[in-house]
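Chain by chain, the residues:
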Amino acid sequence: MKINENYRSLETSYLFSQVAAKRAAYEKAHPDQRILSLGIGDVTRPLPEPVTRAFTEAAAGQGDPARFHGYGPEQGYPFLREAIQSYYRRFGVDIPLSDLFVSDGAKCDLGNLLDLFDADNTVLIPDPVYPVYRDTNQMAGRRISYLSAVPENDFLPMPDPEQKADIIYLCSPNNPTGNVYRKEQLSEWVDYANRQGAVILFDAAYEAFVTDPSLPHSIYEIEGARTCAIEVCSLSKTAGFTGTRCGYTVVPGELIRDGLSLRSMWLRRQTTKFNGVSYPVQKAAAAAFSEEGLAACRKILSVYQSNARLMHRVLKEAGVWHTGGVHSPYLWMKCPQGQSSWEFFDRLLEQAQVIGTPGCGFGAGGEGFFRLTAFGTPEDTAEAMERIRRML
Ligand code: PLP
């Protein structure tokens with residue numbers, strides 16, 4: 001037999017395991033010190049009450065012959081897809097139910113969508129960005145061209161009309177930089193993708209953090225996107241579903257490549273390799289989109305947004321260059337005194353007992369930068385920022 005040789009080209013250690021190893025080593029050497037983390041990409045607030053109510057009711061129903069649910073509809077229950085459809089209408093986007101696919105999260109969909117595309121494709125990936133885009137394509141041996149995200153372009157790279165592309169990743173609001181594409185910018189990407197016959201994989205996992213009504217939540221707010229873009233979204237960061245698992249992907253019926261409908265291909269793929277999200281989780285997700293659920297989620301988001309404002313204030317007062325943190329839970333800072341990402345990580349751990357995420361873990365372009373997240377508790381965030389203020 002032959003293994004997939006592409007796995008040899010992957011970096012052996014994933015960013016967060018390296019961070020965890022350094023933290024464990026420090027804790028072992030300094031058992032009396034309390035480490036605070038501004039490094040996690042996970043949420044800390046529990047599921048909101050309307051969500052747990054729906055979740056527990058549905059879970060209890062699974063033990064009742066009259067309310068039991070077995071395999072569900074292939075693309076997700078209509079009650080959830082209709083709730084997602086109504087949510088999209090809030091930003092003026094009409095998604096046909098047939099385009100909506102419920103899943104157990106954005107990460108799986110981002111990886112699985114690649115089943116639709118040949119290995120012989122050129123992929124454009126921003127650098128730095130969520131490492132899953134790069135790793136999943138390396139696993140399949142695709143050619144990758146990186147789009148340089150730098151302070152000069154506000155970490156929002158734009159298309160080069162001369163550059164060839166087949167698959168394009170856009171993440172807005174961005175992980176790790178926290179920046180958001182404006183509609184005119186996304187419009188350029190949509191025009192470029194349509195001209196090239198490329199497909200945009202638009203990751204909207206952080207759309208709920210967008211507060212400026214002029215900024216887009218969805219690529220489908222842009223004219224022409226239905227013929228070139230697939231959108232992946234998640235309830236993880238919006239409604240606290242990181243441990244509950246639910247997301248959704250939109251594959252428009254108009255998206256045709258080589259005479260085949262990508263929506264039909266995705267349906268074929270999902271019905272072959274995926275058997276749906278559990279009924280209680282779909283009930284919980286639908287509750288997150290109810291009026292009551294959305295209000296509860298907004299309350300949770302406001303806790304993270306308030307953390308982000310505090311973090312911004314401290315960095316600003318310390319004269320540290322940074323961006324993000326407004327329409328995003330992430331602040332992206334330049335490491336002071338020209339330090340490398342890992343040098344600053346070590347300094348922060350040793351001098352302030354605070355953990356962050358080295359920017360270089362998101363791609364070579366992230367070297368010299370550092371990501372702080374606002375997902376901590378207000379108390380821990382305040383203490384961590386006080387320690388950082390003293391250190392700086
Ligand atoms: N997309 C981005 C940009 C992310 O940062 C994350 C998680 O950190 C995900 C997707 C994964 O989301 P999910 O929990 O739905 O798999």
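Rules used in this analysis
Along each chain, residue indices are assigned from 1 in the same order as the chain's sequence is written. Reporting of local features is limited, given that this is a predicted model, to residues whose pLDDT is at least 70; pairs of side-chain atoms are given and counted only at 80 or more, and all residues count toward the totals for whole chains, interfaces and linings. Here the side-chain values reflect all heavy atoms present in the structure, with hydrogen atoms and water set aside. Salt bridges are defined by distance alone: a side-chain nitrogen of Lys or Arg within 4 Å of a carboxyl oxygen of Asp or Glu. Helix numbering and strand numbering both begin at the N terminus, where a helix is a DSSP run of H or I of at least 4 residues and a strand a DSSP run of E of at least 2. Relative accessibility thresholds used throughout: buried, under 20% of the residue-type maximum; exposed, over 50%; partly exposed, between the two (1.4 Å probe, protein chains only). Strands were regarded as paired on the criterion that DSSP finds at least two bridges between them. Each axis is a line fitted through C-alpha atoms, taken for helices only over the stretch in contact, and angles between the N-to-C directions span 0 to 180 degrees. Geometry of aromatic contacts follows a simple scheme: Phe, Tyr and Trp rings, the Trp one being its six-membered ring, pair when their centres are within 6.5 Å, and the pair is stacked under 30 degrees between planes, edge-to-face over 60, tilted otherwise. For a ring to carry a charge above it, either NZ of a lysine or CZ of an arginine must fall within 6 Å of the ring centroid while also lying within 35 degrees of the normal to the ring plane. Polar contact is the term for a pair of N or O atoms within 3.5 Å; when the atoms are in protein, one must be able to donate a hydrogen and the other to accept it, and sequence-neighboring residues count only if both atoms are side-chain atoms. By definition in this entry, angles of less than 35 degrees are roughly parallel, angles greater than 145 are roughly antiparallel, angles of 65 to 115 are roughly perpendicular, and the rest are oblique. Left-handed is the label given to a crossing in which the near helix is rotated counterclockwise from the far helix by less than a right angle, and right-handed is the label when the rotation is clockwise. Residue contacts are defined here by distance: any two heavy atoms, one from each residue, within 4.5 Å place the two residues in contact. Summary of the distance rule: residues count as near a molecule or strand when at least one heavy atom falls within 4 Å of that molecule or strand. The Shrake-Rupley method, run with a 1.4 Å probe, gives the accessible areas here. Residue values count only the displayed protein chains as cover. Polarity classes work like this: nonpolar for Ala, Val, Leu, Ile, Met, Phe, Trp, Tyr, Cys and Pro, charged for Asp, Glu, Lys and Arg, and polar for all others, with Gly in that last group. The span you would expect from a helix comes to 1.5 Å times its residue count less one. What the arc describes is the spread of directions from the helix axis to the C-beta atoms.

**Q** Got a minute to help me understand the pattern of salt bridges in this structure?
**A** Where charged atoms from two side chains of opposite charge come close, those side chains can pair. What the rule picks out here adds up to 23 salt bridges. Across the pair Arg226 and Glu254 runs a salt bridge, and its minimum N-O distance is 2.7 Å. In this pair, Arg226 sits in the loop between strand S6 (199-203) and strand S7 (229-234) while Glu254 sits in the loop between strand S8 (247-250) and strand S9 (256-257), placing the two residues 28 residues apart along the sequence. Using a relative accessible area of 22% as the deciding quantity, one classes Arg226 as partly exposed. Where salt bridges share partners, they join Arg34, Asp380, Glu383 and Arg387 into one cluster.

**Q** Hey, could you run me through the pairing of strand S3 (residues 122-127) in this one?
**A** Consecutive residues of a regular strand have side chains that alternate between opposite faces of the sheet. Within S3, six of the six residues are buried, which leaves the element mostly enclosed by the surrounding structure. Alternating positions in S3 separate into two faces, Thr122, Leu124 and Pro126 on one and Val123, Ile125 and Asp127 on the other, with burial throughout. Sheet analysis places S3 next to strand S4 (residues 143-148), joined by six bridges and oriented parallel. Opposite Leu124, over in S4, you have Ser145 as the bridge partner.

**Q** Explanation requested: the sheet that holds strand S2 (residues 100-103) in the structure shown.
**A** Within a sheet, adjacent strands bond to each other through the backbone by hydrogen bonds, running parallel or antiparallel. Taken together, the seven strands give an open sheet; going across it, the order is S2-S8-S7-S6-S5-S3-S4, and neighbouring strands pair in mixed fashion. This sheet does not close on itself; its edge strands, each paired only once, are S2 and S4. Each adjacent strand pair in this sheet contributes to an overall mean axis angle of 20°, direction not counted. Sheet topology note: the S2/S8 ladder contains four bridges and is antiparallel. Counted as the bridge partner of Phe101 is Thr249 from S8.

**Q** For this particular structure, what's the right way to read the packing of aromatic side chains?
**A** When we look at a pair of aromatic rings, we describe it by the centre distance and by the angle of the planes. For the structure shown, the criterion picks out 25 aromatic pairs. When the centroid spacing of 5.5 Å and the interplanar angle of 90° are considered together, the rings of Phe155 and Phe369 count as edge-to-face. Of the two residues, Phe155 sits in the loop between S4 and strand S5 (167-171) while Phe369 sits in strand S15 (residues 369-373), which places them 214 residues apart along the sequence. Residue class for Phe369 comes out buried when judged on its relative accessible area of 7%. Joined through ring pairs, the aromatic side chains of Tyr87, Tyr88, Phe91, Tyr248 and Phe289 make up one cluster. It is Lys283 that lies over the ring of Phe79; its NZ or CZ is 4.3 Å from the centre.

**Q** Got a minute to help me understand the side chain of Ser261 in this structure?
**A** Considering the arrangement of structural elements, one finds Ser261 in strand S10 (residues 260-261). Owing to a relative accessible area of 17%, Ser261 belongs among the buried residues under this scheme. A polar side-chain atom of Ser261 sits 3.2 Å from the main-chain amide nitrogen of Arg263.

**Q** Help me out: how do you make sense of the packing of helix H2 (residues 49-61) against helix H9 (residues 279-288) in this one?
**A** Helices that pack against each other are described as a pair by the angle of their axes relative to one another and the distance between those axes. Where H2 contacts H9, the two axes come as close as 8 Å, and the packing angle between them is 155°. Regarding the angle of H2 to H9, the classification is roughly antiparallel. The crossing of H2 and H9 is right-handed. Residues Pro50, Val51, Ala54, Phe55, Ala58 and Ala59 of H2 lie in contact with H9, whose contacting residues are Tyr279, Pro280, Val281, Lys283, Ala284, Ala287 and Ala288.

**Q** Help me out: how do you make sense of the site of the ligand in this one?
**A** As a structural note, the neighbourhood of the ligand is formed by 14 residues, with Ala106, Asp203, Tyr206, Ser234 and Ser236 the closest of them. One of the backbone nitrogen or oxygen atoms of Ala106 is found 2.7 Å away from an oxygen atom of the ligand. Here an oxygen atom of the ligand sits 2.9 Å away from a polar atom, N or O, in the main chain of Lys107. Surface burial for the ligand is 91%, taken as the share of its 400 Å² of free accessible area covered by protein chains. Residues that form the shell around the ligand fall into these classes: six nonpolar, four polar and four charged.

**Q** Help me understand helix H12 (residues 378-391) in this model?
**A** Note: α-helices contain 3.6 residues per turn, so residues at a spacing of three or four share the same orientation. Here H12 contains 14 residues, and its C-alpha end-to-end distance of 20 Å stays within 8% of the 20 Å for a straight helix at 1.5 Å per residue. If you check which residues of H12 are buried, you get Thr381, Ala384, Met385, Arg387, Ile388 and Met391. What you see down the axis of H12 is that its buried residues fit within an arc of 160°, all on one side. Summarising the geometry of H12, the exposed residues directed more than 90 degrees from the buried face are Glu379 and Arg390. In this fold, the buried residues of H12 make contact with strand S1 (36-37), helix H10 (291-317), helix H11 (341-352), strand S13 (354-355) and S15.

**Q** Got a minute to help me understand the sheet that holds strand S11 (residues 322-324) in this structure?
**A** The sheet built from four strands is open, its strands ordered S11-S12-S15-S14 with antiparallel pairing. Looking along the sheet, the strands with just one partner apiece sit at the ends: S11 and strand S14 (357-358). Bridging between S11 and strand S12 (residues 330-334) involves three bridges; their strand directions are antiparallel. Note that in S12 the partner of Thr323 across the bridge is Trp332. Here H10 sits on the sheet in contact with S11, S12 and S15, set at roughly 15° to S12.

Scope: geometric values only; no functional claims are made or implied.
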